[in-house]
Amino acid sequence: TMLAPYLAEAIGTFTLIFVGAGAVCANAAFPQAGIGLTGIALAHGLAILTMIYAFGHVSGGHFNPAVTAGMLATKRIAPGKAAGYLLSQLAGAGVAGLILKAGFARYPAAVAAALGTPDLGLAVGPRFGFTVEFILTFLLVLTVFGLAVDPRSPKAPVGIGIGLVITADILMGGPLTGACMNPARHFGPALAAGHWANAWL
């Protein structure tokens, strides 16, 4: 029982990276499937939506160090538990990245896409990239606090609202920065692909 929240954070983050970065890999490896940006955005949004409904009552459904940091800054989670969440999220992301590496190793296009590691698009400078990531992450965390934390909000659409803001963020920022919004989302594929360019973003 004590380990359940940490396991939930690991599984939820694993699902986001496996499905989200996996959709990027599948889009690169099988362009004829027509996944495209819309499919990639939906894959991320639906993965988060389902994990929030599956594990929100167990761990709060952070699945993102940025969300955990927000909860820590507002004293909604103890420092020790926040550290455990962070380690769980990175572990889940790392395992997902390594499984994607093993599965897509034979597809050069997926390998060339750094296994779905978010990165700056062509001709996108770091200053604009930082601005985009800052705003997209702000919108995500704002939505989490507005729907899941504020006691006045209706609780039924929490997963839908958070899944939709992630989908919308990726539709806008995907071509620019990869629309990461989540250090764990970058960490898993980057660890597996050894691609750390612009990791500071």
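Sequence positions are assigned chain by chain, starting from 1 and proceeding in written order. Local features in this predicted model are restricted to residues of pLDDT 70 or higher, and side-chain atom pairs are both shown and tallied only at a pLDDT of 80 or more, whereas totals for entire chains, interfaces and linings draw on every residue. Side-chain metrics rest on all non-hydrogen atoms present in the structure, leaving aside hydrogens and water.

J.: Just checking my understanding: could you explain the layout of surface pockets for this structure?
T.: Taking a probe equal in size to a water molecule and rolling it over the atoms shows the remaining empty space. Detection works on a 1 Å grid of protein atoms alone, calling trapped sets that fit a 1.4 Å probe cavities and calling open sets with protein on both sides within 12 Å along at least five of seven lines pockets, with lining residues defined by an atom within 4 Å of a point. Grid points are joined across faces, edges and corners, and a volume is the space filled by probe spheres set on the points. The calculated volume of the largest pocket comes to roughly 400 Å³. Considering the residues around the largest pocket, the lining is formed by 29 residues, among which Ile52, Gly60, Gly61, Ala148 and Ile162 are closest to the centre. Those elements that provide at least two residues to the lining of the largest pocket are helix H2 (36–59), helix H3 (65–73), helix H6 (126–149) and helix H7 (158–177). Only DSSP runs of H or I reaching four residues or more are called helices, and only runs of E reaching two or more are called strands; each is numbered from the N terminus.

J.: What should I look at first to understand the environment of Asn198 in this one?
T.: Secondary-structure assignment places Asn198 in the segment after helix H8 (183–193). For the pair formed by Asn198 and Pro126, sequence separation is 72 residues and the distance between their alpha carbons is 8.0 Å.

J.: How should I be thinking about the packing of H6 against H7 in this particular structure?
T.: Two numbers describe a pair of packed helices, the interaxial angle and the distance between the axes. Here the axes come from fitting lines to C-alpha atoms, over the contacting stretch only for helices, and the angles between their N-to-C directions go from 0 to 180 degrees. Axis separation between H6 and H7 bottoms out at 9 Å; the angle between their running directions is 175 degrees. What the angle tells us is that H6 and H7 run roughly antiparallel. Counting all contacts with H6, which are made through Phe128, Gly129, Val132, Glu133, Leu136, Leu139, Leu140, Thr143, Val144, Leu147 and Ala148, the residues of H7 involved are Val158, Gly161, Ile162, Val165, Ile166, Asp169, Met172, Gly173, Leu176 and Thr177. Amino acids outside the nonpolar list (Ala, Val, Leu, Ile, Met, Phe, Trp, Tyr, Cys, Pro) and the charged list (Asp, Glu, Lys, Arg) are all regarded as polar, and Gly is one of them. Looking at side-chain class alone, the contact of H6 with H7 contains 14 nonpolar, five polar and two charged residues. The labels follow the angle: roughly parallel below 35 degrees, roughly antiparallel above 145, roughly perpendicular from 65 to 115, and oblique for the rest. It only takes one pair of heavy atoms within 4.5 Å for two residues to be counted as in contact.

J.: What should I look at first to understand a nonpolar patch on the surface in this one?
T.: Within the patch definition used here, like charges are joined within 9 Å and nonpolar side chains (Val, Leu, Ile, Met, Phe, Trp, Tyr) within 5 Å, considering only residues with over 30% relative accessible area and no salt bridge. Computed with the Shrake-Rupley method and a 1.4 Å probe, the accessible areas treat only the protein chains shown as cover for residues. By convention in these notes, a salt bridge is any Lys or Arg side-chain nitrogen within 4 Å of a carboxyl oxygen on Asp or Glu. On the surface, Phe130, Phe134, Ile135, Phe138, Leu139, Leu142 and Trp200 cluster together into a nonpolar patch covering about 750 Å² of accessible area. Relative to the helices and strands, Phe134 is located in helix H6. The class of Phe134 is exposed, set by a relative accessible area of 55%. Summary of the burial criterion: residues with accessible area below 20% of their type's maximum are buried, those above 50% are exposed, and those between are partly exposed, where the area comes from a 1.4 Å probe applied to protein chains only.

J.: Where do I start with the packing of H2 against H7 in this structure?
T.: Relative orientation of the contacting elements H2 and H7 amounts to 155 degrees, with a least axis distance of 8 Å. Here H2 lies roughly antiparallel to H7, going by the angle between them. Crossing handedness for the pair H2 and H7: right-handed. Between H2 and H7, the residues in contact are Leu37, Thr38, Ile40, Ala41, Leu42, His44, Gly45, Ile48, Leu49, Ile52 and Tyr53 and Val158, Gly159, Ile160, Ile162, Gly163, Ile166, Thr167, Ile170, Leu171, Gly174 and Pro175, respectively. Split by residue class, the contact of H2 with H7 holds 15 nonpolar, seven polar and no charged. By convention, the crossing between two helices is left-handed when the near helix turns anticlockwise from the far helix through less than a right angle, and right-handed when the turn is clockwise.

J.: I keep staring at H8 and nothing clicks. Help me out?
T.: Side chains of residues three or four places apart in an α-helix project in the same direction, reflecting 3.6 residues per turn. Within H8, the full set of buried residues consists of Ala184, Arg185, His186, Gly188, Pro189, Ala190 and Ala192. Polar contact is defined as a pair of N or O atoms within 3.5 Å, subject to the rule that within protein one atom must be able to donate a hydrogen and the other to accept it, and that residues adjacent in sequence are counted only when both atoms are side-chain atoms. With a side-chain oxygen positioned 2.8 Å from the backbone nitrogen of Ala184, the residue opening H8 is Asn182.

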